[in-house]
Amino acid sequence: MQEQPKYQSEITTAVMGERTITVKNLTPILPQKERERRRREVEQKLFDVFSKYTEQRV
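Engineer: Report on the overall build of the protein chain, specifying residues and quantitative values.
Structural biologist: Broken down by element type, the protein chain carries one helix and two strands. Listing every helix and strand of the protein chain by position from the N terminus yields β-β-α. Counting across all 58 residues of the protein chain, residues that qualify as buried make up 5%. Expressed as a percentage of contacts within the protein chain between residues at least 6 apart in sequence, the contacts between residues at least 24 apart total 6%.

As C-alpha cells, then:
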C-alpha cells in the first residue's frame, strides 16, 4: 500500500479592488528520485502535446 505524501503549504493573499483573494498552494514533499521521475513524466507529456500542434502548423 502506497503512503500518502505530506504537503508543504504556501498561502498568498492579494487585494483586487474591494476583494481579497487568498491562494493556497500545496506542494507534495517527495524524495528526490520521485520528484525527478514525476518531473520527467510531466515534461514528456507536455512535449507530446506541443509537438502534436506544431506538426499541424507546418
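Engineer: I'd like a rundown of the confidence of the model for the protein chain, residues and numbers included.
Structural biologist: Scored by pLDDT, the protein chain has a mean of 90; 90% of the residues are at 70 or more. The lowest-confidence element of the protein chain is helix H1 (residues 32-57), averaging 90 in pLDDT; the highest-confidence one is strand S1 (residues 6-16), averaging 96.

Engineer: Describe the pairing of S1, with residues and values.
Structural biologist: Among the eleven residues that make up S1, zero are buried, leaving the element largely open to the surroundings. Judged from the eleven bridges that link them, S1 and strand S2 (residues 19-29) form a sheet pairing that is antiparallel. Residue pairing across strands places glutamate 10 opposite asparagine 25, the latter belonging to S2. Between S1 and S2, which follow one another and run antiparallel, lie two residues, and glycine 17 among them has a positive phi close to 65°.

Engineer: A description of a nonpolar patch on the surface should follow, citing residues and the corresponding values.
Structural biologist: On the surface, Met16, Ile21 and Val23 cluster together to form a nonpolar patch covering roughly 280 Å² of accessible area. Inspection of the secondary structure assignment puts valine 23 in strand S2. Judged by relative accessible area, which is 48%, valine 23 ranks as partly exposed.

So, how was this worked out
Residues numbered from 1 in each chain as written. Predicted model: local features only at pLDDT ≥ 70, side-chain atom pairs only at ≥ 80, totals over all residues. Heavy atoms only, no water. Helix = DSSP H or I, 4+ residues; strand = E, 2+ residues; numbered from the N terminus. Buried < 20%, exposed > 50% of the residue type's maximum accessible area, 1.4 Å probe, protein only. Contact = heavy atoms within 4.5 Å. pLDDT = per-residue confidence, 0-100. Pairing = 2+ DSSP bridges. Patch = residues over 30% accessible without salt bridge, like charges linked within 9 Å, V, L, I, M, F, W, Y side chains within 5 Å. Areas by Shrake-Rupley, 256 points an atom, 1.4 Å probe, with all protein chains shown as cover. Salt bridge = Lys/Arg side-chain N within 4 Å of Asp/Glu carboxyl O.

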